[in-house]
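Per-entry structural report
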Amino acid sequence: MALESVKSLIGKVELEHRIDELTLKIGGAATKTKDGIKFNPINKMYFSDSEKSTFGQYYINATYRFDADNKVIAEYFRAYKEGAEYSPNNGALLQLYNRAGKFDIYNELIYRSSYVGVYDQKINTGIDYTAGVIYHYSKQLDVKLKGENLFDRATQIGMSGLKIAPYDRRVILTLEYIF
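About the cut-offs
- Residues numbered from 1 in each chain as written.
- Predicted model: local features only at pLDDT ≥ 70, side-chain atom pairs only at ≥ 80, totals over all residues.
- Heavy atoms only, no water.
- Helix = DSSP H or I, 4+ residues; strand = E, 2+ residues; numbered from the N terminus.
- Contact = heavy atoms within 4.5 Å.
- Polar contact = N/O pair within 3.5 Å; in protein donor to acceptor, adjacent residues only side chain to side chain.
- Salt bridge = Lys/Arg side-chain N within 4 Å of Asp/Glu carboxyl O.
- Buried < 20%, exposed > 50% of the residue type's maximum accessible area, 1.4 Å probe, protein only.
- Pairing = 2+ DSSP bridges.
- Phe/Tyr/Trp six-rings, centres within 6.5 Å; stacked < 30°, edge-to-face > 60°.
- Lys NZ or Arg CZ within 6 Å of the ring centre and 35° of its normal.
- Axes fitted to C-alpha atoms, helices over the stretch in contact; angles between N-to-C directions.

What about the environment of Glu176?
As for its placement among the helices and strands, Glu176 is situated in strand E15 (residues 170-177). Separated by 35 residues in sequence, Glu176 and Leu141 place their C-alpha atoms 5.6 Å apart. In this view, Glu176 contacts Gln140, Leu141, Asp142 and Lys144; residues no more than four positions away in its chain are not counted. A distance of 2.8 Å separates a polar atom in the side chain of Glu176 from a polar atom in the side chain of Lys144.

What to know about the pattern of salt bridges
By the definition in use, this model includes seven salt bridges. A salt bridge links Glu176 to Lys144; the shortest N-O distance between them is 2.8 Å. Here Lys144 lies in strand E12 (residues 141-148) and Glu176 lies in strand E15, a separation of 32 residues in the sequence. The class for Glu176 is partly exposed, based on a relative accessible area of 29%. Between Glu148 and Arg170 there is a salt bridge, with the nearest N and O atoms lying 2.6 Å from each other. Highlighted residues: Glu148 in strand E12 and Arg170 in strand E15, separated in sequence by 22 residues. Taking relative accessible area as the criterion, Arg170 reaches 41% and is therefore assigned partly exposed. Overlapping salt bridges, with partners in common, bring together Asp69, Arg99 and Asp104 in one network.

A few points about the pairing of strand E2 (residues 22-34)
In this sheet, E2 lies alongside strand E1 (residues 7-19) in antiparallel orientation, the contact comprising 13 bridges. Bridge pairing in E2 links Val13 to Gly28. From the end of E1 to the start of E2, which pair antiparallel, there are two residues, and Asp20 there has a positive phi angle of about 55°.

Looking at the packing of aromatic side chains
Scanning the model with the defined rule gives seven aromatic pairs in all. Each residue in the set Phe103, Tyr135 and Tyr137 is aromatic and connected to the rest through ring pairs, giving one cluster. Seen from the ring of Tyr97, Lys71 lies directly overhead, with NZ or CZ sitting 4.9 Å from the centre.

Digging into the sheet that holds strand E11 (residues 126-136)
Spatially, E1-E2-E5-E6-E7-E8-E11-E12-E15 is the arrangement adopted by the nine strands of the open sheet, whose pairing is antiparallel. Since the sheet does not close on itself, it has two edges, and those belong to E1 and E15, each with one partner. Looking at each pair of strands side by side, their axes are set apart by 10° on average, direction ignored. With eight bridges joining them, strand E6 (residues 70-82) and strand E7 (residues 90-100) adopt antiparallel strand pairing. Looking at the pairing, Glu75 lines up with Leu93 of E7.

Below, the structure written as C-alpha cells:
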C-alpha cells in the first residue's frame, strides 16, 4: 500500500509591539492535517492514517534589552490538540544574555509539561537548564565553557517504548583560535 501525501492547512498570526526597550509578541498558529504518516512498530512500516488532526498553539514572548549586550527573553506557549498527540500542552522559556568586560554569559531555562506519548507512555515534565560563558582572551582566542541539561531533567522523548533524553547532562570546554 502506497503512502498518501499529507494534506495540511496551516495558518499563523503574530502581533508585535515595542515600548522603548521592551518588545512584546503575541501569536498563534493552527494546522489541520489529514493522511498523516505514522509508523507501525510491529511490522516496521510507515502508513497513511486517514484520521484528521487539529493542532493549535498560542504564545506570548517578551524581550527586554537593557543595552546592546544585555537582555532577557521570556516566553510561554499553550497547545491545543485533537488527534494530534504526543507533545506537551504547555511550556515556558527564560533566557538571559549578559556581557561583563571580556565575558559573555548565557543562561537558559526551558520547561515543558508532561504528556502521554506513543504506546500510552507517560513522558515526565521536562526542566532543562543550560549555562555558558565565553572569555574573549584576544581577537583570535576564545575560551568557552558550557553546561547542558544541568538538572538532568530535560524533556524526554518516547522511542520504541523507551524514554530517551535528547542529550545527556554534560559540560563542554572549548578553546577557539581564529587565524
